[in-house]
Amino acid sequence: MPTLAPTATDTATHCPYCAFQCGIRFGAGEDGVPSVVGDADFPVNKGALCVKGFTASDTLGHPERLRTPFVRDANGDLAPASWDEALDRIAAGIQDVQHRHGLDAVGVFGGGSLTNEKTYLLGKFARVGLRTRNIDYNGRFCMSSAAGAAIKAFGVDRGLPFPVADIAQADVVLLVGSNPAETMPPLMQYFQAQRAAGGTLIVVDPRRTVTAQSATLHLRLTPGSDAALANGLLHLLLKSGAIDMEFIRERTEGFEQLRGVIATYWPERVEKITGVPEAQLVRAAQMLGKAQRPMVLTARGAEQQAQGVTNVLAFINLALALGRSGQPFAGFGTITGQGNGQGGREQGQKADQLPGYRRIDDPAARAHMAAVWGIHADEIPGPGRSAYELLDDMGRDGGVRALVLMGSNPVVSAPRALHIEERFRSLDLLVVADFFLSETAKLADVVLPSAQWAEEEGTMTNLEGRVILRRRASEMPDGVRSDLEIIRAIAERLGRGDHFAYDSAPEVFEELRRATAGGVADYAGITYEKIEAQQGVFWPCPTPEHDGTPRIFADRFATPSGRARFHPVRHEAPAEEPDAEYPLYLTTGRVLGHYQSGTQTRRVERLNKLSPEPLVEINPIAAKRAGVVDGALVTLVSRRGTAIARARVTRDIREDTVFVPFHWGGPSSINRLTNPALDPTSRMPEFKVCAVRIEAPSVRQGVMSA
Ligand code: SF4
């Protein structure tokens, strides 16, 4: 069990993992072993934690923790180095690439778990320190389709436009592509309260997940058929007259253009596309049609597709037609995944974005940021490549040749992962800041040991748009530096240090407040003190006197007209569907014991005992066809690669589909199989649908040890 010296005996802070950002109390524990318990005073989780939260401190004093920089030596090995050696190597490598290939040949890749201060600074580092347009982050693989759809329909992207506690008082909730019972268990208290009050929960998921098992009705759709399902439900609601015409007239636009499209989604057709029986479609529509406080929530199941934006827009259409959006306990929202998935997409680490959710191609936004940064607006580069395109182009003509990466492990988390690993190997310089030697860090030329969640302070923005304060609770080990120190040190060596002379996260936050002032995600009135006093502040909060905005659509939507917009969207088939050679759908996701690429959670003994390896869920009929028995190791094959997983034969998965979690690297990396077909708007890869076949274990003996 790791030991370390906490800074205080009892510190209120937050879990390092998902977007629920549970409040925790971090204490000294016994015998120097830190203790973590749920913070009953924090109004979001109200004391509840999942097993990842309870074990979060196990990573802090972990024996595999990086405590010195590493630099690749003449033999090609990563060797321990001093900070000066590592930073000199980085500066020389960056300057060499800039000299030979231009400023845009250096890229930055960030993460959705970084604090707002780091996110902001990373965006500034790219545009002002490196003067490159090429920065993006792994949140592109998480929330971008929901964000793209919300901006089209509502004019603003805040995952939940209302407090999460509203779920408990909705009378009917349609939950699409989300399994919070495993991925975000403390959230379930709100669904349980909703059910206890007589509410109805309809779950849409190809799998019979733990969440689906608790639902009133489970619609087990074919992967990739989400838009057809939403349109089919709206067809039935229109036919029965169970839509809110008064709300549609007063608070929306574009409804009439929708009618013609929706008319073509009659139940027999929708059953054929989605596999959901007509009787279940009718039952779901009746439940929704009777609702007084209807709520529609989507998550990665519908969003991580090449039609992700279309899918979300189809569910937004449904929510708007049901009415009451903007009023308490009703409306549309998305359940954010990563710890700072919301703040991470607001502060400028997206390729097309400046802080405050400003667009980088907006002259007024560029002028505002130039004034904050003390540069000329013309010096701010234009939009760069999206995450997958940036990674895919690494080392090629016109692509980046040097990459600085923080808070991400794309060798495990990117689609078509074997190809992405090859692209990483082609770089002239790869710099990775991390606290463990992740699969991506192993390929780096320079690895920098960075501080962990409890060792530095900063703000995060949870799934509700509530800005919270992650307080420092533990000392940083010797040899380790914070990401803010790392950015400053690299900038100084590049001669840009005067733009990055911050000594603390609060100093960065003060600049972030000015940067976001007047923007969509306006943090200007938020201070650390106000966050402490209010247990978080919902953005927008434009002035010091303002308390923040828990419900953002109460009076108007953020479109120019103030009305929410309907979009006539149609179902389109996934980029790849099963055929004779690859007869099954593959869909991927998370399990209770692990978080994202598993860099942290795979090193926590208690979590590894819970989930030591990936299990592939296979329906008994598909298993019999493939000659697979429960517990056998099988090889899954797609057009892009292979992966090994242990079979879990279960009726909880459709006959035509297999499910595998994506937390593992190496031969068990399921993202070696996934399809990088991109959504045209969000540039989201199609993680949730591709075609695979199962090979019996004997076919590829020895692969597990590769
Ligand atoms: S992983 Fe998420 S749900 Fe679990 S304790 Fe942490 S913040 Fe809470």
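Up top you'll find the structure we're talking about.
Sequence positions are assigned chain by chain, starting from 1 and proceeding in written order. Totals for whole chains, interfaces and linings use every residue, but because this is a predicted model, local features are given only for residues with pLDDT of at least 70 and side-chain atom pairs only at 80 or more, for both listing and counting. Excluding hydrogens and water, the side-chain figures rest on all heavy atoms present in the structure.

A. Structural context of the pairing of strand E16 (residues 402-406). Exposure is judged per residue with a 1.4 Å probe applied to protein chains only, and the accessible area is read against the type maximum: over 50% gives exposed, under 20% gives buried, and values in between give partly exposed. Helical segments are the DSSP runs of H or I of at least four residues, strand segments are the runs of E of at least two, and each set is numbered from the N terminus. For E16, the buried fraction is high: 5 of the 5 residues fall into the buried class. Here E16 shows two buried faces, one formed by Ala402, Val404 and Met406 and the other by Leu403 and Leu405. In this scheme, strands are said to pair when DSSP sees at least two bridges between them. Sheet topology places strand E6 (residues 106-110) next to E16; 4 bridges connect them, and they run parallel. Bridge pairing in E16 links Phe109 to Leu405. Pairing analysis gives 5 bridges linking E16 to strand E17 (residues 429-434), with the strands arranged parallel. The residue of E17 that forms the bridge with Leu403 is Leu430.

B. View of the layout of surface pockets. Using only the protein atoms, space was sampled on a 1 Å grid; points where a 1.4 Å probe fits but cannot get out form cavities, open sets with protein on both sides within 12 Å along at least five of seven lines form pockets, and lining residues are those with an atom within 4 Å of a point. Grid points are joined across faces, edges and corners, and a volume is the space filled by probe spheres set on the points. The space that makes up the largest pocket amounts to roughly 540 Å³. Together, 25 residues line the largest pocket, and Ile151, Lys350, Asp352, Tyr357 and Arg359 are the ones closest to its centre. At the level of secondary structure, the elements contributing two or more residues to the lining of the largest pocket comprise helix H4 (144-154) and strand E15 (358-359). When residues in the lining of the largest pocket are grouped by element, the largest group, 4 residues, is from H4. Three classes are used: nonpolar for Ala, Val, Leu, Ile, Met, Phe, Trp, Tyr, Cys and Pro, charged for Asp, Glu, Lys and Arg, and polar for all others, with Gly counted as polar. Looking at side-chain class alone, the lining of the largest pocket contains 9 nonpolar, 8 polar and 8 charged residues. Residue lining of the second largest pocket: 19 residues in total, with Glu182, Val591, Ser611, Leu615 and Glu617 positioned closest to the centre.

C. Representation of the nonpolar core in the model. Judged by nonpolar contacts, the single largest core of 121 residues is most densely connected at Phe154 and Leu174. It is helix H14 (residues 308-322) that contributes the most residues to this core, 11 residues altogether. Residues contacting Phe154, with those up to four places away along its chain left out, are Ile316, Leu320, Phe332, Phe553, Phe557, Ala558, Thr559 and Ala564. Here, the term nonpolar core denotes a set of buried Ala, Val, Leu, Ile, Met, Phe, Trp, Tyr and Cys residues that are joined through side-chain atoms within 4.5 Å. Phe20, Ala168, Ala215 and Leu297 belong to the second largest nonpolar core, which has 43 residues in total. In what follows, residue pairs with any heavy atoms lying within 4.5 Å of each other are defined as contacts.

D. Examining the site of the ligand more closely. The nearness test applies per residue and asks whether one of its heavy atoms lies within 4 Å of the molecule or strand. Close to the ligand lie Cys15, Tyr17, Cys18, Gln21, Cys22, Leu49, Cys50, Lys52, Gly53, Met184 and Pro186. For the shell around the ligand, a count of residues per class yields 8 nonpolar, 2 polar and 1 charged.

E. Main features of the sheet that holds strand E5 (residues 78-80). In spatial order, the strands read E5-E4-E18-E17-E16-E6-E7; together these 7 strands make up an open sheet with mixed pairing. At either end of the open sheet lies a strand with only one pairing partner, and these are E5 and strand E7 (135-137). Within this sheet the neighbouring strands show an average axis-to-axis angle of 20°, counted without direction. Pairing geometry for E17 and strand E18 (residues 446-449), over 4 bridges, is parallel. Across the sheet, the residue bridging to Val431 is Val446, located in E18. In the packing of helix H3 (residues 116-130) onto the sheet, the strands contacted are E6, E7 and E16, and the crossing angle to E6 comes to about 175°. Every axis in this analysis is a line fitted to C-alpha atoms, fitted for helices over the stretch in contact. Angles between the N-to-C directions lie between 0 and 180 degrees. On top of the sheet, helix H20 (residues 483-493) reaches E16, E17 and E18; it is set at about 155° to E16, its chief contact.

F. Looking closely at unusual backbone geometry. Each neighbour pair has its own omega, and for Trp539 with Pro540 the value is 0°, a cis peptide bond. Along the chain, Pro540 turns up in the loop between strand E21 (537-538) and strand E22 (564-565). Phi at Gln21 is positive, roughly 45°, even though this residue is not glycine. Looking at where Gln21 falls in the secondary structure, it is placed in the loop between strand E1 (10-14) and strand E2 (23-30). You will see that Gln596, though not glycine, has its phi angle at about 45°, which is positive.

G. Structural context of the sheet that holds strand E12 (residues 294-298). Taken together, the 5 strands give an open sheet; going across it, the order is E10-E9-E8-E12-E13, and neighbouring strands pair in parallel fashion. Edge positions in the sheet fall to strand E10 (217-219) and strand E13 (331-334), since each of these pairs with one other strand and no more. Across the sheet, the mean angle separating the axes of adjacent strands is 15° when strand polarity is ignored. In this sheet, strand E9 (residues 200-204) lies alongside strand E8 (residues 172-176) in parallel orientation, the contact comprising 5 bridges. Residue pairing across strands places Val176 opposite Val204, the latter belonging to E9.

H. Highlighting helix H19 (residues 417-425). Among the residues making up H19, those that are buried are Ala417, His419, Ile420, Glu421, Arg423 and Phe424. In this structure, the buried side of H19 is in contact with helix H17 (387-392), E16, helix H18 (410-413) and E17.

I. Broad picture of the packing of aromatic side chains. Ring geometry is summarised as follows: Phe, Tyr and Trp rings, the Trp one being its six-membered ring, pair when their centres sit within 6.5 Å, and such pairs are stacked at plane angles under 30 degrees, edge-to-face over 60 and tilted between the two. Using the criterion set out here, one finds 11 aromatic pairs in the structure. Plain terms: the ring middles of Phe154 and Phe557 are 5.7 Å apart, the flat faces sit at 20° to each other, and that makes the pair stacked. With a gap of 403 residues between them, Phe154 in helix H4 and Phe557 in the loop between E21 and E22 connect regions that are remote in the sequence. Taken individually, Phe154 and Phe557 each receive the classification buried, so the pair is uniform in this respect.

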